[in-house]
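Descriptive analysis of the structure
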Amino acid sequence: MEAPGITVALLARVLAGDAAAWHELDRVGADEVCRVARAHGVLPLVADLATRHVEVVGNALASALHDHAQREAAIDLVRQPDLEGLCEHLAAAGVAPLLIKGAHLAYHYYERPDLRPRLDTDLLIEPTDRAAAVGVLTALGYEPSAQTEGDLVMYQEPYTRRRGSATTHVVDVHWRISNAQRFATFLTCREIRAAAVPLVRLPWAVAPSAVHALLLACVHRVAHHLDAARLIWSYDLHVIGATLSPVDWGRFETLAVERGIAGTCLRSLRGAEQLFGTHTPAAVIGRLTAASHNERDAGVYVAERPHIHRIVEDFRSLGSWNERYRLACQHLFPAPAYMRGVYAPSSRVPLPLLYVRRAVLGARRWLRRA
């Protein structure tokens, strides 16, 4: 195993409660440990554990972890007022903020929100609430980011708030839970909201139930992150799973089988078990395994497979040839404003040439891995 792999394995052992791994991490070196821990999204967690195991953590490593974690905490302190204000204004506009993914987990499953790093805040809304949500974001100074349009290509819109040249908060507004057609509707906003729970530490916001949170986390690391072995995504499963009751596990398994994501959930849960000893009831594993044999293989959602395989899967997952035709057009011919903004923001190059350029670059991207 190469050095980074060794460091990842040691970090996983530390997060799983193996105090002996601290001695080996000391030998790796503070800079390398911090670099790998940040890349895997677990630096604040590891730093917090270091303060609880001072007797086995070397001074240099403890000091470096503390310094880096303080920076993460400072980022979170800057972002939190923006998030609280956004939730309050959305609620006032009749758009009850439903937090999903990293922000939800940070405020519900972790002791402090800064222990769960995230690049943005993900909100799930009803499609009919998009105009109201955009109005609130715009009024608060959030600006949309350039992205390809198309009702079958993207089910989310990113918005950024800045103070001067510094970005203070990025919000991703979703009206479906995934851009991948295969996973886009396995849970709907209405279904999640019906079982949602309030976020005690974040007024005005609600979030998915434990069952829905685990389903979303299992699918997200595969559908969006291509089954990447990033520690924080598996640790999310570890902390969510620890809160499920036997009844919850039964509901989780039933939904996974009914919605055709048993194999995806199984892959994610097994990864968490290997890393952190995450407990999933044996009966649940057995039923997920049996059901996965009757599902289409989700193996296209791995970084080792060319992107074109996932495009083909999107076409297969749509319900009609009309939708498939529309998706092809949206991929090949995005709106002119997007083409100008991305490929020639200060040029008068003819639009057809920009589409040709996009086609060439897109073909390369679709044929390469990840």
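The coordinates are above.
Residues numbered from 1 in each chain as written. Predicted model: local features only at pLDDT ≥ 70, side-chain atom pairs only at ≥ 80, totals over all residues. Heavy atoms only, no water.

1. Regarding the overall build of the chain
Along its length, the chain carries 17 helices and seven strands. Expressed along its principal axes, the backbone C-alpha trace of the chain runs to roughly 65 × 55 × 45 Å. The buried share among the 370 residues of the chain stands at 48%. In the chain, of all internal contacts separated by at least 6 residues, the share reaching a separation of at least 24 is 67%. (Helix = DSSP H or I, 4+ residues; strand = E, 2+ residues; numbered from the N terminus. Buried < 20%, exposed > 50% of the residue type's maximum accessible area, 1.4 Å probe, protein only. Contact = heavy atoms within 4.5 Å.)

2. As for the packing of aromatic side chains
Applying the stated criterion to the full structure yields three aromatic pairs. Where tyrosine 110 meets tyrosine 235, the ring centres are 6.3 Å apart and the plane angle is 40°; that geometry is what we call tilted. With a gap of 125 residues between them, tyrosine 110 in the loop between α6 (101–108) and β2 (121–124) and tyrosine 235 in helix α10 (residues 231–241) connect regions that are remote in the sequence. Take tyrosine 235: its relative accessible area is 13%, and that puts it in the buried class. Taken together, the aromatic side chains of Tyr110, Tyr235 and Phe276 make up a single cluster linked through ring pairs. We note arginine 130 situated over the ring of tryptophan 175; from NZ or CZ to the ring centre the distance is 3.7 Å. Sitting above the plane of the tryptophan 321 ring, arginine 324 keeps its charged end 4.6 Å from the centroid. (Phe/Tyr/Trp six-rings, centres within 6.5 Å; stacked < 30°, edge-to-face > 60°. Lys NZ or Arg CZ within 6 Å of the ring centre and 35° of its normal.)

3. Quick notes on the environment of serine 268
As for its position among the elements, serine 268 is in helix α12 (residues 262–276). Sequence separation of serine 268 and leucine 354 is 86 residues, and the distance between their C-alpha atoms is 40 Å. The contacts of serine 268, once residues within four sequence positions are left out, are Cys218, Arg221, Val222 and Leu237. Among the polar contacts made by the side chain of serine 268, one reaches the side chain of arginine 221 at a distance of 3.1 Å. (Polar contact = N/O pair within 3.5 Å; in protein donor to acceptor, adjacent residues only side chain to side chain.)

4. Thoughts on helix α4 (residues 43–52)
Taken across its ten residues, α4 has seven buried, putting it largely inside the fold. Looking only at α4, the buried set comprises Leu43, Pro44, Leu45, Val46, Ala47, Asp48 and Ala50.

5. Considerations on the side chain of aspartate 122
Tracing the backbone through its elements, the reader meets aspartate 122 in strand β2. A polar side-chain atom of aspartate 122 sits 2.7 Å from a polar atom in the side chain of histidine 174. Setting aside its immediate chain neighbours within four residues, aspartate 122 contacts Leu98, Leu99, Ile100, Lys101, Asp172 and His174.

6. Examining the nonpolar core
Trp22, Leu215 and Phe252 are the most contacted members of the largest nonpolar core, which has 71 residues in total. Among the elements that line this core, the one with the most residues is helix α9 (residues 210–223), at nine residues. Look past the residues within four positions of tryptophan 22 in its chain and what remains in contact with it is Val14, Val46, Leu49, Ala50, His53, Val56, Val57, Leu61 and Leu65. Membership of the second largest hydrophobic core comes to 23 residues, among which are Leu90, Val171, Leu202 and Ala207. (Core = buried A, V, L, I, M, F, W, Y, C linked by side-chain atoms within 4.5 Å.)

7. Digging into the pairing of β2
Across the two faces of β2 the burial is the same, with Thr121 and Leu123 and Asp122 and Leu124 all buried. Across three bridges, the pairing between strand β1 (residues 98–100) and β2 is antiparallel. Residue isoleucine 100 lies in a different strand from β2, and its bridge partner there is aspartate 122. Examined bridge by bridge, β2 and strand β5 (residues 166–174) share four bridges and lie parallel to one another. By the bridge assignment for β5, aspartate 122 is matched with aspartate 172. (Pairing = 2+ DSSP bridges.)

8. Regarding the packing of α4 against helix α5 (residues 59–92)
The contact between α4 and α5 brings their axes to 9 Å, and the two run at 130°. Judged on the interaxial angle alone, α5 and α4 are oblique. The chirality of how α4 crosses α5 is left-handed. In this structure, α4 uses Leu43, Pro44, Val46, Ala47 and Ala50 to contact α5, whose residues at the interface are Leu65, His66, His68, Ala69 and Glu72. Here the residues of the contact of α4 with α5 sort into seven nonpolar, two polar and one charged. (Axes fitted to C-alpha atoms, helices over the stretch in contact; angles between N-to-C directions. Parallel < 35°, antiparallel > 145°, perpendicular 65-115°, else oblique. Left-handed = near helix turned anticlockwise from the far one by under 90°. Nonpolar A, V, L, I, M, F, W, Y, C, P; charged D, E, K, R; others polar.)

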